[in-house]
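Observations on the model geometry
The residues making up each chain are set out below.
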Protein chains: 4
Amino acid sequence: MPKIVDKEQMKVDILKASLNAFLKYGFHKTTMEKIAKEAGIAKGTLYLYFSSKEELTQGISQAHFAQLKARLIPIQLATSIDALITHVEQALIINDEETQFIPIFFEAFSPSFHTGSFIEEYETFFDEIADVYRENFQYLVDNHTINPSINSHALGRVFVSMLDGIVLHKGFFNFDKESYTSMVKEALALFKRGIDLN
Amino acid sequence: MPKIVDKEQMKVDILKASLNAFLKYGFHKTTMEKIAKEAGIAKGTLYLYFSSKEELTQGISQAHFAQLKARLIPIQLATSIDALITHVEQALIINDEETQFIPIFFEAFSPSFHTGSFIEEYETFFDEIADVYRENFQYLVDNHTINPSINSHALGRVFVSMLDGIVLHKGFFNFDKESYTSMVKEALALFKRGIDLN
Amino acid sequence: MPKIVDKEQMKVDILKASLNAFLKYGFHKTTMEKIAKEAGIAKGTLYLYFSSKEELTQGISQAHFAQLKARLIPIQLATSIDALITHVEQALIINDEETQFIPIFFEAFSPSFHTGSFIEEYETFFDEIADVYRENFQYLVDNHTINPSINSHALGRVFVSMLDGIVLHKGFFNFDKESYTSMVKEALALFKRGIDLN
Amino acid sequence: MPKIVDKEQMKVDILKASLNAFLKYGFHKTTMEKIAKEAGIAKGTLYLYFSSKEELTQGISQAHFAQLKARLIPIQLATSIDALITHVEQALIINDEETQFIPIFFEAFSPSFHTGSFIEEYETFFDEIADVYRENFQYLVDNHTINPSINSHALGRVFVSMLDGIVLHKGFFNFDKESYTSMVKEALALFKRGIDLN
DNA sequence: GATGAATGAGAATTCATTCAT
DNA sequence: TATGAATGAATTCTCATTCAT
């Protein structure tokens, strides 16, 4: 009997090692060799779990989207402004690990590498998030809770862009914890006043 | 002396050609050969003007920042909310050419290529923009024109992030003109209500 | 003792599986993995029976020669031209299975794989066949049955080359059954007239 | 101005070097690196002239067919048996260089490497040669110069197979000059008697 | 004996950079 | 100055073979 291996666990381990390697060297300077080293296995072994660098990258992409969704999607219908703002706050609080991978993901999924589908996946993903916000805004408009002049559809999408902007800047630039907290606070206050009835 | 002018012009021409090549092939699939072809010169000639691909990339970076500044910095002290909102609107209206380069810049200046300095350059750049907004917010707070609870410093920076987010999403995803117009309109309205006195 | 029988049977089974794999993928694209799959065993098990790909290839080679000999060697001393021609005819009639392996054998036993010995094995083999024809020709010359000017030694060897040429072309190019039959018929007629007394 | 190179000559030189390398190492053990070394250039330079190993191999193939044609095709309509036999003799006399490449060609163009087309190219090639022989036989039959029972069509094709067999055996096995001369002599005599009127 | 996971030498190919002309 | 041929380090991927279970 050969070594018994949890293949799924191995895949996860390799993906983690890849991310570590990417952090160390940047995506493009990370070779399969370096990933293998980081994972403590041989180059050839890598190919037993991911048949190409492309596939490995897609594995990371999937993990990335899953993580993003876990952070962003739980925004269920909010029945008050405060509930909504609380949801938004959740979306803006990202841990250090996720933060540091942001530039990596941008590099990894930039145009020359996407098989055309990455951008579309992102687009779909953000549209889904936007839909959640649209529903929330519309619900609150319909219940006369927020400003009636709001165009839920348009605001939903642009709102997502703005949130993403905040998160991206946190990822790319090292805001200290305190600064970021103030920034989030100000943004939330701005949003709150911006959608409020008066 | 005229030679110097030619040399500078040549550099500019090469940078333009590079951008065209990047647009065609994506940054990473663009070889020095392709850039030379695009510029109508020989590969060796490229090296007479830029001593490495890194330097060429930095040249593009500088041009990029210059362009960004031209669009964003003109926000001079606004003495009214409407004046400020008008400035913001200017910042959000980007032409097709600039739009299409956004993904390219992201790819080109991603971590593995920056000699460490790209990110810092970006950071400095956005801080400068943030400062302009801070000044504006503070001026309007001091004049009791906008909500007094606003923390100008924090809002200035996060505001820049949000604006960048909107622009980035426009660059990465193909919003149709109409949608983007509505989005900008909603965002501006949100901002306006968000900073307004009441 | 029964174990030995199993082991030998296993070797035969593996060789058969190899040939099937070679037919499917061509010799060079056939990996040990594919051979194992085809044989319904694990890759490691292969190595219990053949210590290397080289050895496995030699096993096939031996089987190949055995098959060739079975077809060609039975040419026992012919006492008449017609008897000889009948023998030749036997040598030229090869079944579909053997036909389809011809290109494979050529690929498998080509210079880069031979440890020097393949070519020599072939040479020896063809010399043996040639010897049989030499004997036949000489016998018929001595009995004044065929043309006395024939140099049995030289003709024996060149005759084998010609027969091999016919068989090889059948193996490499898809002659339809009818065409091949006519070709064999013409060749035999040519040989017959060529060695006949007048 | 860069080095001025005769590109066509360079291609020819590289093809020659390839053949030398193939002779030394066998086709499959010959890497692009070894070919480059043999040609006295760098690996990368190879790719300036042949964009892949496949293309290089095809270059060799073409040269091979050109050489074969030069030796075999000149068989113009022969108006007598002796003329025909002389032509056949020409076809069987191959120089040492050509001889030694025969195994190489077989290896290089074996099934797993042919893009499907090699075998067909060969088939077409031999069919062309066969046509020339068919014409010759038919002409001589029509003029009552050779045996009227001959089926020119079938004989033409099988004749080519036999000649190829002789040449192949010369290529694969080292017949000494004297032996080969006797063999050719016997073969020609056999053919002559075989097609003769009586 | 049997298995198949792990290995790593080796191969084809790319491309930034150099340099002879 | 301008050119583009030449270079070779670096990269992805393959596969025969080994070996722990």
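Residues numbered from 1 in each chain as written. Chains lettered and ligands numbered in written order. Predicted model: local features only at pLDDT ≥ 70, side-chain atom pairs only at ≥ 80, totals over all residues.

Considering the overall build of chain A
Quick reminder of the rule: By the criteria applied, helices consist of DSSP H or I runs no shorter than four residues and strands consist of E runs no shorter than two, each listed in order from the N terminus. For the exposure call, what matters is how many other C-beta atoms sit within 10 Å of a residue's own: 20 or more marks it buried, 12 or fewer exposed, and in between partly exposed, using C-beta atoms placed from the backbone. Note on contacts: residues are paired as contacts if their backbone-placed C-beta atoms lie within 7 Å.
What chain A contains, in helices and strands, is 9 helices and 0 strands. Moving toward the C terminus, one meets the helices and strands of chain A in the order α-α-α-α-α-α-α-α-α. Here chain A holds 198 residues, and 38% of them are scored as buried. Expressed as a percentage of contacts within chain A between residues at least 6 apart in sequence, the contacts between residues at least 24 apart total 65%.

Some points on the interface of chain B and chain A
What counts is decided by this rule: Any residue outside Ala, Val, Leu, Ile, Met, Phe, Trp, Tyr, Cys, Pro, Asp, Glu, Lys and Arg is labelled polar, Gly included; the first ten of those are nonpolar and the last four are charged.
In this complex, chain B contributes 40 residues to the contact, which on the side of chain A involves 42 residues. Put simply, the parts of the chain that give the side of chain B that touches chain A at least two residues each are α6 (96–108), α7 (117–142), α8 (152–172) and α9 (177–195) of chain B. The leading source of residues in the side of chain B that touches chain A is α8 of chain B, at 12 residues. Across the side of chain B that touches chain A, the residue classes break down as 19 nonpolar, 13 polar and 8 charged.

Observations regarding the domain arrangement of chain A
Under the convention used in this document: Each domain's limits were defined by an automated method or a database of domain assignments.
In terms of domains, chain A is made up of domain 1 (1–51) and domain 2 (61–195). Averaged C-alpha coordinates put domain 1 of chain A and domain 2 of chain A at centres separated by 31 Å.

Overview of the relation of the copies chain D and chain C
Using the following cut-off: Superposing the copies works by least squares over the C-alpha atoms of residues that have pLDDT at least 70 in both of them.
You can overlay chain D on chain C at an RMSD of 0.4 Å; the transform is a turn of 178 degrees with a shift of 0.0 Å along its axis. Taken together, the rotation angle and the small translation identify this as a two-fold axis. Looking at the interface residues of chain D, 95% of them are also at the interface in chain C, so both copies use one shared face.

Quick notes on the interface of chain D and chain C
When the parts of a complex come together, some accessible area is lost, and that lost area is often used as the size of the interface. Taken together, the contact pairs 41 residues of chain D with 39 residues of chain C. Taken together, the elements giving at least two residues each to the side of chain D that touches chain C come down to α6 (96–108), α7 (117–142), α8 (152–172) and α9 (177–195) of chain D. The leading source of residues in the side of chain D that touches chain C is α8 of chain D, at 12 residues.

Some words on unusual backbone geometry
All names here are of chain C. Its identity is not glycine, yet His144 carries a phi of approximately 55 degrees, on the positive side. On the secondary structure map, His144 appears in the loop between α7 (117–142) and α8 (152–172). On the basis of neighbour counts, which here come to 9 C-beta atoms within 10 Å, the residue His144 falls in the exposed class.

Some remarks on the protein's contact with DNA strand E
This is how it is decided: Should the C-beta atom of a residue, placed from the backbone, lie within 6 Å of a molecule or strand, that residue is near it.
Within the structure, DNA strand E sits among 38 residues, and Pro2 and Gly44 of chain A, Gly44 of chain C together with Thr31 and Gly44 of chain D are positioned closest to it. A breakdown of the residues in the surface near DNA strand E according to their chemical character gives 16 nonpolar, 10 polar and 12 charged.

A short note on the relation of the copies chain B and chain A
Overlay of chain B on chain A (RMSD 0.4 Å): rotation 178 degrees, translation along the axis 0.0 Å. Both copies present the same face, since 98% of the interface residues in chain B are matched by interface residues at the equivalent positions in chain A.

Things to note about the packing of helix α5 (residues 81–92) of chain A against helix α8 (residues 152–172) of chain A
Residue and element names in this part refer to chain A. To keep things clear, this is the line we draw: Between the N-to-C directions of two axes lies an angle of 0 to 180 degrees, each axis being a line fitted to C-alpha atoms and, for a helix, fitted only over the stretch in contact. In a left-handed crossing the near helix is turned counterclockwise from the far helix by less than a right angle, and in a right-handed crossing that turn is clockwise.
The contact between α5 and α8 brings their axes to 10 Å, and the two run at 35 degrees. Two packed elements cross with a definite hand, and for α5 against α8 that hand is right-handed. Every residue of α8 that contacts α5 at Val88, Ala91 and Leu92 is listed here: Leu163, Ile166 and Val167. A class-by-class count of the residues in the contact of α5 with α8 yields 6 nonpolar, no polar and no charged.

Here we look at helix α2 (residues 32–39) of chain D
All names here are of chain D. Which entries qualify depends on this criterion: The directions considered for the arc run from the helix axis to the C-beta atoms.
All of the buried residues in α2 are Ile35, Ala36, Glu38 and Ala39. Projected down its long axis, α2 shows its buried positions confined to an angular sector of 160 degrees, all on one face. Along its buried surface, α2 packs onto α1 (7–25) and α3 (43–49). Looking one or two residues beyond α2, the residue adopting positive phi is Gly40, at roughly 75 degrees.

Structural notes on the packing of α8 of chain C against α8 of chain D
Remark: α8 of chain C packs on α8 of chain D, axes separated minimally by 7 Å, with the N-to-C direction vectors making an angle of 120 degrees. With respect to the hand of their crossing, α8 of chain C and α8 of chain D are arranged in right-handed fashion. Contact residues: Val158, Ser161, Met162, Asp164, Gly165, Ile166, Leu168 and His169 of chain C in α8 of chain C; Val158, Ser161, Met162, Asp164, Gly165, Ile166, Leu168 and His169 of chain D in α8 of chain D. Here the contact of α8 of chain C with α8 of chain D is composed, by residue class, of 8 nonpolar, 6 polar and 2 charged.

Considerations on the environment of Leu77 of chain B
All names here are of chain B. Note on placement: Leu77 falls in the loop between α4 (53–72) and α5 (81–92). You can call Leu77 partly exposed: it has 13 C-beta atoms within 10 Å. Measuring from C-alpha to C-alpha, the distance between Leu77 and Leu140 comes to 9.3 Å, with 63 residues separating the pair along the chain. Aside from chain neighbours lying at most four places away, what touches Leu77 is Glu135, Asn136 and Tyr139.

What about α5 of chain A?
All names here are of chain A. We apply this condition: Helix span, as expected, comes to 1.5 Å for every residue beyond the first.
Given a rise of 1.5 Å per residue, 12 residues ought to cover 16 Å, and the 17 Å separating the end C-alpha atoms of α5 matches this to within 8%. All buried positions along α5 are accounted for by Leu84, Val88 and Ala91. One face of α5 carries all of its buried residues, which in axial projection span an arc of 55 degrees.

Some thoughts on the environment of His169 of chain A
You can see His169 of chain A is positioned in helix α8. Not counting residues within four places of it along the chain, the set of residues in contact with His169 of chain A comprises Ser161 and Asp164 of chain B.

Points about the nonpolar core
Test applied: Here, a nonpolar core denotes buried Ala, Val, Leu, Ile, Met, Phe, Trp, Tyr and Cys residues that are linked to one another through C-beta atoms within 7 Å.
If you look at the biggest cluster of nonpolar residues, it comprises 68 residues, and the most contacted ones within it are Val158 and Leu163 of chain A together with Val158 and Leu163 of chain B. Filtering out sequence-adjacent residues up to four positions away, Leu163 of chain A remains in contact with Val88, Ala91 and Leu92 of chain A. Residues Phe126 and Phe172 of chain C together with Val160 and Leu190 of chain D belong to the second largest nonpolar core, which totals 67 residues.

Some details on the arrangement of the chains
Chain C makes no contact with chain B, the minimum C-alpha separation between the two being 31 Å. Between chain A and chain D there is no contact, and the shortest C-alpha to C-alpha distance separating them is 21 Å.

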